[in-house]
Amino acid sequence: MTKKALITGLTGQDGSYLAELLASKGYQVYGLVRRTSTSSLERISHLGSQVEIVSGDLLDQCSLMDVINDTEPDEIYNLAAQSYVPLSWTQPALTAEYTALGVSRLLESIRRCKPDARFYQASSSEVFGQPDESPQTERTAFRPRNPYGVAKAYAHWMTANYRQHYHLYACCGITYTHESPRRGAEFVFRKITSTAAKIKLGLAKELRLGNLEAKRDWCYAKDAVRAMWLMLQQEKPDDYIIASGETHSVKELVECAFSSVGLSWQDYVSVDPEFYRPDEPVQLIGSIDKIKNQLDWQPEYSFAHLVESMVEYDLKKLTDSQV
Ligand code: GDP
């Protein structure tokens, strides 16, 4: 029988890759999309009829129950959130509505309408905030340091509590930063690869960045969604860290991106205090021992491959748009 999956956050980076993966495995995929006056379906337009759009909103419990009743999914992946950290400071209550309470509404809808559905909650390394230990494991204490991290911590514990109390098959994947050509340009990875491509093509002259020493554990989004799917195929539900298991600095990223187009980064990059963060998390690096040992998962794509393929993608996109 054809398996059915419902994805929230379908139009985002992870949602689009997950929809692709599930469609390739023969799933009927439903994507929960908020009604807006402008279309936001560009990341999934190539999937055509493999994905059916259903209308609903994490702010509206009835809409979630209707969607679950109508689609009867075997698996539900909650990838929707207000996920931009700086915005979580200017709109903390709205961030909590989507990122925290939205998960309560979804869990409650599953419990009432389709308690045998398997549920994946997109947790985030932001729950660790300023962690006591590095690398972090599934047992590291949560010390979120921004409203987004606080909201994700709430969602994480609600998911774990529904698993324990109601015996739902519910899992949290604690993902670290993951990137792809579909990543928004406000994030540093894409900002660097697209600006390096622009400079190479003579379309930009400089790249202004914040803290070059900031480090992140960057993974390819395609690797991350494969882990999400694997988590829902196990005998028992559990929580796992999904990461690359290594960190790289913004400076290394810049070096790698510029050298991939034959340029020396020092000639183009300057530091601008505008892009400094007031609270920089320290040493966010995930231990992938558990997921490696229990699910036999590890990233297929290296950091260098990710940087080079994104620069290549940005070069092609810019060249095509000039023709
Ligand atoms: P996130 O903070 O993990 O959600 O992802 P970002 O891509 O926005 O930022 C990653 C890191 O890059 C942070 O530690 C930033 O301080 C650092 N960074 C340095 N320069 C910039 C910049 O110009 N823009 C952004 N967004 N981040 C920068």
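Quick caveat: nothing in here was measured; it's all calculated off a predicted structure. (Residues numbered from 1 in each chain as written. Predicted model: local features only at pLDDT ≥ 70, side-chain atom pairs only at ≥ 80, totals over all residues. Heavy atoms only, no water.)

Draft legend 1. Broad picture of unusual backbone geometry. The amide bond that connects Ser134 to the next residue, Pro135, takes the cis arrangement and shows omega of -5°. Residue placement: Pro135 occurs in the loop between strand E5 (118–124) and helix H5 (147–166). At Glu72, a residue that is not glycine, the phi angle is positive and equals roughly 45°. Residue placement: Glu72 occurs in the loop between helix H2 (61–71) and strand E4 (75–78). The phi torsion at His167 lies on the positive side, around 60°, for a residue other than glycine. With respect to the helices and strands, the residue His167 is situated in the loop between H5 and strand E6 (169–175). (Helix = DSSP H or I, 4+ residues; strand = E, 2+ residues; numbered from the N terminus.)

Draft legend 2. Representation of the pairing of E4 within the structure. Of the two faces of E4, both are covered, the one formed by Glu75 and Tyr77 as well as the one formed by Ile76 and Asn78. Note: strand E1 (residues 4–8) against E4, 4 bridges, orientation parallel. Paired with Ala5 across the bridge in E4 is Glu75. Note that E4 and E5 share 4 bridges and pair parallel. By the bridge assignment for E5, Asn78 is matched with Gln121. (Buried < 20%, exposed > 50% of the residue type's maximum accessible area, 1.4 Å probe, protein only. Pairing = 2+ DSSP bridges.)

Draft legend 3. How the structure looks around the sheet that holds strand E11 (residues 240–242). Strand order in the open sheet made by the 7 strands is E3-E2-E1-E4-E5-E6-E11, with parallel pairing throughout. A single partner strand is all that each edge strand has here, and the edge strands are strand E3 (51–55) and E11. Neighbour-to-neighbour, the strand axes of this sheet turn through a mean angle of 25°, independent of strand direction. Contacting E1, E4 and E5, helix H4 (residues 92–113) crosses the sheet at an angle of about 170° to E5. (Axes fitted to C-alpha atoms, helices over the stretch in contact; angles between N-to-C directions. Contact = heavy atoms within 4.5 Å.)

Draft legend 4. Region of interest: the environment of Tyr148. Relative to the helices and strands, Tyr148 is located in helix H5. Tyr148 sits in the buried class, given a relative accessible area of 9%. Counting along the chain gives 90 residues from Tyr148 to Leu58, while the straight-line C-alpha distance between them is 16 Å. In contact with Tyr148, other than residues within four places in its own chain, are Gln82, Ser83, Val85, Ser88, Thr95, Thr99, Ser124 and Glu126.

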